[in-house]
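Summary of structural features
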Amino acid sequence: MPVGPVDQRESFPRNGTPGRGRSTGTRVRLPTPDSPVVAPPAQDANTFLARLPLTASLLFAIASVLWVMLTDILVELLSSSPDQLAMVQTFKGIAFTLVSAALLYGLLRQATQRTLNQQARAQQNSERLGIALAATKSGVWEWHFPSRTFYLSAHLTDLTGTGRGAAYTWADVLERIHPDDRAQFGNVISQALQEPEQEHSAQYRVMREDGTTAWFEVRGRLLTDADGEPMRVAGVAIDISHTKEKDWRIERLTHFDSLTGLPNRAQFMRILEGRIEQRNGSDTFLLVVRLDISRFQDINNMMGARTGDEVLTIIGHRLEDVCGQTGLVSRFAGDDFALAVSSIDSLEAAQELAGALSQILHAPIELHGKTLSVSIVMGAAIAPSDGGDAETLIANAEMALVRARRDGAPLGFYEVGMNETFRERAFIEQELSAALRNGGLSLVYQPIVRADDQGLIGFEALSRWSHPKLGVVPPSTFIPLAESTGLIADLGSYVLRTACAQAASWNSALRRSLLVAVNVSARQMESDCFVDEVARVLAETGLAPECLELEVTESLIMEDPEAISGRLQRLRDLGVQVAIDDFGTGYSSLAVLKHLPVSKLKIDRSFVQDLNASQGGDAIVAAILELAHSMGLTVTAEGVETPKQLEFLRQRRCQTVQGYLIGRPLPPEALGAYINGSATSLPPR
Ligand code: C2E
Ligand code: CA
Ligand code: CA
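These numbers were taken from a predicted model, which means no experiment stands behind them.

The next point concerns the overall build of the protein chain. Across its full length, the protein chain holds 24 helices and 21 strands. Sequence-distant contacts in the protein chain: of pairs separated by 6 or more residues, those separated by 24 or more amount to 64%. Roughly 35100 Å² of accessible area belongs to the protein chain as shown, and the carbon and sulfur atoms make up 54% of that amount.

Pasting the structure below:
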């Protein structure tokens, strides 16, 4: 007798229910699917008998016995005739019959009552089972070997959306199972046959008649007949759709980015590891790219976070489109994406692909009727040469990205030897970022005075970073680093706010209008939000705009004179002064400078140091001063160290000077007496 799910196509008549196949004699009695909740057919005779009082029948039997005894006494007393005796005998007969009938009835009634009690109990049990099944969203199922039919309880047919029927063929039920789960359908039955002692379970998706899909956990165990022959596998099927849905949500949250729907970092790394393993042994190449959007914060600040989100989603989709079938794209965080493309034929093809990606990604984005141009920086590493595992490849691609960003290039490739420099830089970057958060940065102020009477007109604010292990790190080291890592935005904001607040506090305490000169880096100037930030800081610190001088380097202006000029004009409109720092070193075109809305030139200290030392040095400074005068600009000479240098500058009508001769940069607390006029010179450093 075949007992297992032998052939998925086989079909059996629907007339047999599992219970009818053969006397089961099984150890466990399964509740039959539909009967428990339905009362058995009415048994009128039994019910009628049951309702007759038992005491009545007993009384009747006792009365009959008394009647027999009474007739015997009467016969004795009345010394009756044979006819009378015959009559008495007849009465006796009737009485015995009645006694027997009463006793028989009593027995019958007792038996009937027991049956009724059993039925009532069964009904109660079945009702309780029904409640339990409904509450746990489960139903009973059974695969009956002799008839090769499935038997599903009413609860189960309701839950699975299968039309109610007495029995189903293998094919009937299989048809309801999701195609992806069909291969393992029947596992519970075959496992139950292999390990009869245990309960087995599996999870399947069931396709309901209304088109929806539900998840079921199917549990079952083998049941045998009295001879130990396998008769059926039966158990429960529980609707676990709700749990699955929760699991699925958790899965999405833990593995995917909620904004773009792309795999998150952890998921990307897992998949990438798999791809690297697949690649091993083949002669193909795998390209790994890290990329981020330059100045994404500006998009967020100017157009709102929602637009920022849309841009990120568009970039994510673009990446997916470009990478195609063999690509894997992830958003690690914010505007930080990663991608991997496997099965590339040659190293050159991988490099070309990275180049093509960079170009495609730079295409402008059309959003809400506006055209946004986004600039993306990419760093690439290629396996096998640049790393044999996901972590190394990603770290190397990141190094390439940092280098590209620093060099202002849209794309950079990892190169051997980058690690060392990178590690060092990464350490300093980390420390600098911590310093910014923990107050490890401070400002010192170097006086700027009039050249003729050395009267104080203001200070230049200069950053200082003192690190517990590295010591005092000079700005020439950490400013370029902050620029290349993006930390300059926070650093610049800190400097601007602190310097303005300090100057405002001095000015209000002394009722003066001292100037504070703040150095502005190229990256700060590139930001469209910079002018707004300056206006905000002035308003918040209460510093008069004309007391703020922003120093921008000549080379910065020459990067994009037109764009910078527009921004400088807006700053001038606020009332802020603008000085060209390190003048003379940037080979700027005079034609350009003439049209810039600047108020001051600062002669670089290298020229000042050449004064009196060489003929050429004197000539250059003299020429700069003349040019500045002709353009109506004020001049500050930096790095004045000797009285001779000061004298030369004074004679050529240089208005203001700054340098060790007048004073070194000092922390604000060391400047108190000098500022309020009670000390004529600064304390030596
Ligand atoms: P800078 O703007 O040209 O600042 C003047 C530099 O010359 C300062 O160096 C100052 O200490 C130094 N100095 C002043 N007088 C003399 C002198 O008589 N002789 C000599 N040999 N040096 C003198 P420091 O503070 O090391 O700053 C170096 C550069 O770092 C600054 O050059 C500036 O470009 C940059 N920097 C400093 N602080 C900041 C900041 O907060 N933001 C930005 N973006 N750049 C900053
Ligand atoms: Ca400066
Ligand atoms: Ca300078």
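We are not done yet, so read on.
So, about the site of ligand 1. Near ligand 1 lie 21 residues; those nearest to it are Gln446, Ser463, Arg605, Glu641 and Tyr660. Glu641 is positioned with one of its side-chain polar atoms (N or O) 2.5 Å from a nitrogen atom of ligand 1. In the complex, 84% of the free accessible area of ligand 1, which totals 780 Å², lies under the protein chains. Of all the secondary structure elements, the ones that give two or more residues to the shell around ligand 1 are strand 14 (456–467), helix 14 (475–485), strand 18 (577–583) and helix 21 (605–609). With four residues, strand 14 is the largest single contributor of residues to the shell around ligand 1. In terms of residue class, the shell around ligand 1 is made up of seven nonpolar, seven polar and seven charged.

Attention now moves to the coordination of the calcium ion (ligand 3). Six octahedrally arranged donors around a metal ideally form angles of 90 or 180 degrees; four tetrahedrally arranged donors ideally form angles of 109.5 degrees. Distances from the calcium ion (ligand 3) to its protein donors, namely Asp581 (OD), Asp582 (OD), Glu638 (OE) and Glu638 (OE), fall within the range 2.2 to 2.5 Å. Along the chain, the residues donating to the calcium ion (ligand 3) are arranged with the sequence spacing D-D-x55-E. Taken as an interatomic distance, the gap from the calcium ion (ligand 3) to the calcium ion (ligand 2) is 4.0 Å; Asp581 donates to each of them. Placement of the pair is Asp582 in strand 18 and Glu638 in the loop between strand 20 (634–637) and helix 23 (643–651), with a sequence separation of 56 residues. Classification of Asp582 by relative accessible area gives partly exposed; the value is 25%. Using a relative accessible area of 10% as the deciding quantity, one classes Glu638 as buried.

Calculation criteria
Per chain, residues are indexed from 1 in the order of the written sequence. To read the labels, note that chains go from A and ligands from 1, taken in the order they are written. Given that the model is predicted, a residue must reach a pLDDT of at least 70 before its local features are reported, and side-chain atom pairs must reach 80 or more before they are shown or counted; all residues, however, enter totals for whole chains, interfaces and linings. Computation of side-chain values covers all heavy atoms of the structure but excludes hydrogens and water. Only DSSP runs of H or I with at least four residues qualify as helices, and only runs of E with at least two residues qualify as strands; both kinds are numbered from the N terminus onward. Contact between two residues is taken to exist if any of their heavy atoms lie within 4.5 Å; hydrogens are not considered. Each accessible area value is a Shrake-Rupley result obtained with a 1.4 Å probe; residue values ignore everything except the protein chains displayed when judging cover. It suffices for a single heavy atom of a residue to lie within 4 Å of a molecule or strand for the residue to be listed as near it. In protein, a polar contact means a hydrogen-donor-capable atom and an acceptor-capable atom, both N or O and within 3.5 Å, with residues adjacent in sequence counting only if both atoms are side-chain atoms; elsewhere, any N or O pair within 3.5 Å suffices. Amino acids are sorted into nonpolar (Ala, Val, Leu, Ile, Met, Phe, Trp, Tyr, Cys and Pro), charged (Asp, Glu, Lys and Arg) and polar (every other residue, Gly among them). Donor atoms are limited to N, O and S found within 2.8 Å of the metal ion, a distance that becomes 3.2 Å for Na, K and Ca. With water left out, some sites might look partial. Burial classes follow relative accessibility: with a 1.4 Å probe on protein chains only, a residue under 20% of its type's maximum area counts as buried, one over 50% as exposed, and anything between as partly exposed.

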